[in-house]
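Structural overview
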Amino acid sequence: MFFATSLSAGLLLASSAFAAMHDVQVGNSNGDTVFTPEAIFADVGDQVIFHFQQKNHSVTQSSFPAPCGPVDGGFSSGFHPVPANQTDNFDTYTIVVNDTKPIWVHCEQAANTPLSHCGKGMVFAVNCGPDGAQNSFTNFKNSALAIGAQLQSAASSASSAAPTATDAPIVTGSITIPPAPTQSVVTVTVTVEASTWTTTYSSYPGSPAATPASLAGTDHKVTVGSSNGTLTYDPPSVQAAPRDTVTFEFHQKNHTVTQSTFDQPCNKKADGFDSGFMFVDANVTEFPTFTVTVNDTAPIWAYCRQHLPDGSSHCGLGMVFAINPVESSPRNFTAFKTLAQALNGTNSTGATSTGGNSSTGGDAGNGDNSAASSVATNVALGLGSIFAVVAALL
């Protein structure tokens, strides 16, 4: 047994010694949206080191069928803003090649907008097929460019249409949900401090322009729960500018912060953020945190998806939160909280809320702390931890 273990360790060291390192530039001093080189071939154990140049890019794993969308469970560097006058000490991000399967990568900046970096062809591949093959880099990049063309065409059509009220109010039994306003696509040039860029975003009626207050942004702290076991977010809502962050600090009991929608306040939004359950014992002094970054000024709705032993939900008891609610709108924070309480943790069809915790991760009153294993990757536990959820505008 000892010999086998020693041999395995020796082979691992030998493999590491012969591993190659591949340098890839992300962007350049001209501000181009490009990886250089665009594709490489690498052996198992090799490292790919991405060097972030000027502008604000990411290295995000995608897939051949969906070149401009992050793959579920894939890697992502987060955004790395680099000033135009920086000439050295560039940030890096490294991945290790674990097998010979193709690895598809894109820059996630301005995703799903006409200014999408991926839509401009900012993609990269490891071990792709050769030219002429179905999974060639050329076909991968052309798919990304086609997505960019579709986004530009859709924005052009939308910008010519005047914003109007959309659907009629939704009526659920005795509950009437105010209709959602129509958002219009806006393209503006933004100047903050010494930086200027052009951005495209969906303008939500009543919200301020999506202009950052500073390049660094401001962090807004929100306390989730309390030592008294209250089912609250404190404060219950914040107003935040693009590039700002909202850090949720979890106190006693076992809560989540989970993105929802106004119409279904106690149901997880598809592709929305979710902290996972955060069990906090009564005697702890360091509290886990979860951070989200604000990209525009449209309202963001959230709730706690925990349930009590009797089946009632924290959300149905009013444990909801909002970023940038428009208080002059019928869809304001008070209306959101009232709707959550009226629906009592159900959606508008009467189904129970999704994502509720089971007996393996229940409320603090259930005495189970196993829910800590469901912590997401953008969680900081204790002092000195680094938030991994980072996003920014161009």
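Shown above is the structure to which this text applies.
Positions within a chain are numbered from 1, following the residues in the order the chain's sequence is written. Per-residue local features of the predicted model are confined to residues with pLDDT of at least 70, and side-chain atom pairs are confined, for both listing and counting, to 80 or more; whole-chain, interface and lining totals are unaffected and use all residues. Hydrogens and water are ignored here; the side-chain numbers use all heavy atoms of the structure.

1. Brief notes about the overall build of the protein
Secondary structure elements follow DSSP: runs of H or I of four or more residues count as helices, runs of E of two or more count as strands, with numbering from the N terminus. Secondary structure summary: the protein contains three helices and 25 strands in total. A 1.4 Å probe rolled over the protein chains alone gives each residue an accessible area, and that area as a share of the maximum for its type sets the label: buried under 20%, exposed over 50%, partly exposed in between. Across the 394 residues in the protein, those meeting the buried criterion constitute 45%. Residue pairs at least 24 apart in sequence account for 69% of intrachain contacts in the protein once pairs closer than 6 positions are excluded. The Shrake-Rupley method, run with a 1.4 Å probe, gives the accessible areas here. Residue values count only the displayed protein chains as cover. Accessible area for the protein stands at about 18900 Å²; split by element, carbon and sulfur atoms hold 55% of it. In this description, contact between two residues means that some pair of their heavy atoms is separated by no more than 4.5 Å.

2. As for the pattern of salt bridges
Pairs can form between side chains of opposite charge once their charged atoms are near each other. By definition, a salt bridge exists where a carboxyl oxygen of Asp or Glu is found within 4 Å of a side-chain nitrogen of Lys or Arg. By the definition in use, this model includes five salt bridges. Across the pair lysine 141 and glutamate 38 runs a salt bridge, and its minimum N-O distance is 2.8 Å. On the criterion of sequence distance, the pair formed by lysine 141 in helix H2 (residues 137–159) and glutamate 38 in the loop between strand E2 (35–36) and strand E3 (39–40) is long-range, its members being 103 residues apart. The class of glutamate 38 is partly exposed, set by a relative accessible area of 24%. The closest approach of N and O atoms between glutamate 249 and lysine 221, which form a salt bridge, is 3.5 Å. Here glutamate 249 is found in strand E18 (residues 245–250), whereas its partner lysine 221 is found in strand E15 (residues 219–224), with 28 residues between them in sequence. A relative accessible area of 17% places glutamate 249 in the buried class.

3. Quick word on the state of the cysteines
Only a pair of cysteine sulfur atoms within 2.5 Å counts as a disulfide in this structure description. Within this structure, the stated rule accounts for two disulfides. Each sulfur of the disulfide joining cysteine 68 and cysteine 118 lies 2.0 Å from the other. The S-S bond linking cysteine 68 to cysteine 118 shows a torsion near -85°; that makes this disulfide left-handed. One end of the pair, cysteine 68, is in the loop between strand E6 (60–61) and strand E7 (80–82); the other, cysteine 118, is in the loop between strand E9 (103–106) and strand E10 (123–126), and 50 residues separate them in sequence.

4. Quick word on the sheet that holds E2
Strand pairing is defined by DSSP finding a minimum of two bridges between the two strands. Ordered by their spatial adjacency, four strands build an open sheet running E2-E1-E4-E8, and the pairing between neighbours is mixed. Whereas interior strands pair on both sides, the edge strands pair on one side only; in this sheet they are E2 and strand E8 (92–96). As paired strands, strand E4 (residues 47–52) and E8 are joined by five bridges and run antiparallel to one another. When the bridges of E8 are listed, phenylalanine 50 appears paired with tyrosine 93.

5. So, the environment of asparagine 139
Note that asparagine 139 resides in helix H2. On the accessibility criterion, asparagine 139 (32% relative accessible area) is partly exposed. Sequence separation between asparagine 139 and glycine 129 is 10 residues, and the spatial gap between their C-alpha atoms is 9.7 Å. Sequence-distant contacts of asparagine 139, that is, excluding residues within four places in its chain, are made with Phe64, Ala133 and Gln134.

6. Quick notes on unusual backbone geometry
Cis peptide bonds are those with omega within 30 degrees of zero, and the linkage from threonine 36 to proline 37 qualifies with -5°. Tracing the chain through its elements places proline 37 in the loop between E2 and E3. Here the bond from aspartate 234 into proline 235 is cis, since omega is 0°, no more than 30 degrees from zero. The residue proline 235 is located in the loop between strand E16 (233–234) and strand E17 (237–238) in this model.

7. Things to note about the sheet that holds E6
Across the sheet, four strands lie side by side as E3-E10-E9-E6; this open sheet has mixed pairing. Edge positions in the sheet fall to E3 and E6, since each has one partner strand and no second. As paired strands, E6 and E9 are joined by two bridges and run antiparallel to one another. Paired with threonine 60 across the bridge in E9 is histidine 106.

8. Digging into the packing of aromatic side chains
Between two aromatic rings, the relevant description is the distance of the centres plus the angle of the planes. For this analysis, a ring pair means two rings from Phe, Tyr or Trp (six-membered ring only for Trp) whose centres lie within 6.5 Å, classed as stacked if their planes differ by under 30 degrees, edge-to-face if by over 60, and tilted for the remaining angles. Taken as a whole, this structure holds 15 aromatic pairs when the rule is applied. One aromatic cluster is present, built from ring pairs that chain together Phe64, Trp104, Phe137 and Phe140.

That's the geometry; what it means functionally is another story.
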